[in-house]
Amino acid sequence: MSSNNKTCFILNQDVYSFRAVDADVFANVCKALDISIEELRDLMNEQDLVVIIHMMYYSIRDRKSLVIEDLYKLDAEHLELLLGLLIQANK
């Protein structure tokens, strides 16, 4: 099974998968949250939920009609499962 298949999930009746976090993901998160890369690093170290959700959102391969608010609507259990998939994509 490819690493892409290991990170697939269904949300709002669409199939998505995570890609490895790269410079574009960091840049998009910084832009969306209007923060510097240093602030992003600090917030990641603090395990800030908003930053984690944005990292997940910008790591999704093809977001189709998904908007970030869709991730904010998920409960803690589902967010934890998605975070596990994101971690798997970055191994």
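Residues numbered from 1 in each chain as written. Predicted model: local features only at pLDDT ≥ 70, side-chain atom pairs only at ≥ 80, totals over all residues. Heavy atoms only, no water.

Peer 1: Any details on the packing of aromatic side chains? Residues and values, ideally.
Peer 2: Per the stated rule, a full pass over the model turns up three aromatic pairs. Ring geometry for Y57 versus Y58: centroids 5.0 Å apart, planes at 80°, classification edge-to-face. Side by side, Y57 and Y58 carry an identical accessibility label, which is buried. Above the plane of the ring of Y57 lies R63, whose end atom (NZ or CZ) is 4.7 Å from the centre. (Phe/Tyr/Trp six-rings, centres within 6.5 Å; stacked < 30°, edge-to-face > 60°. Buried < 20%, exposed > 50% of the residue type's maximum accessible area, 1.4 Å probe, protein only. Lys NZ or Arg CZ within 6 Å of the ring centre and 35° of its normal.)

Peer 1: An account of the packing of helix α2 (residues 23–33) against helix α3 (residues 37–45) is requested, with residue identities and associated values reported.
Peer 2: Between α2 and α3, whose axes approach to 10 Å, the crossing angle comes to 95°. One way to sum up the angle between α2 and α3 is to call them roughly perpendicular. Where α2 approaches α3, its residues F26, V29 and C30 are matched on the opposing element by I37, L40 and M44. (Axes fitted to C-alpha atoms, helices over the stretch in contact; angles between N-to-C directions. Helix = DSSP H or I, 4+ residues; strand = E, 2+ residues; numbered from the N terminus. Parallel < 35°, antiparallel > 145°, perpendicular 65-115°, else oblique. Contact = heavy atoms within 4.5 Å.)

Peer 1: Just give me the short version of the pattern of salt bridges, but keep the residues and values in it.
Peer 2: This model, assessed by the stated rule, comprises two salt bridges. The partner of R19 in a salt bridge is D22, with the nearest N and O atoms 2.8 Å apart. The class for D22 is partly exposed, based on a relative accessible area of 30%. (Salt bridge = Lys/Arg side-chain N within 4 Å of Asp/Glu carboxyl O.)

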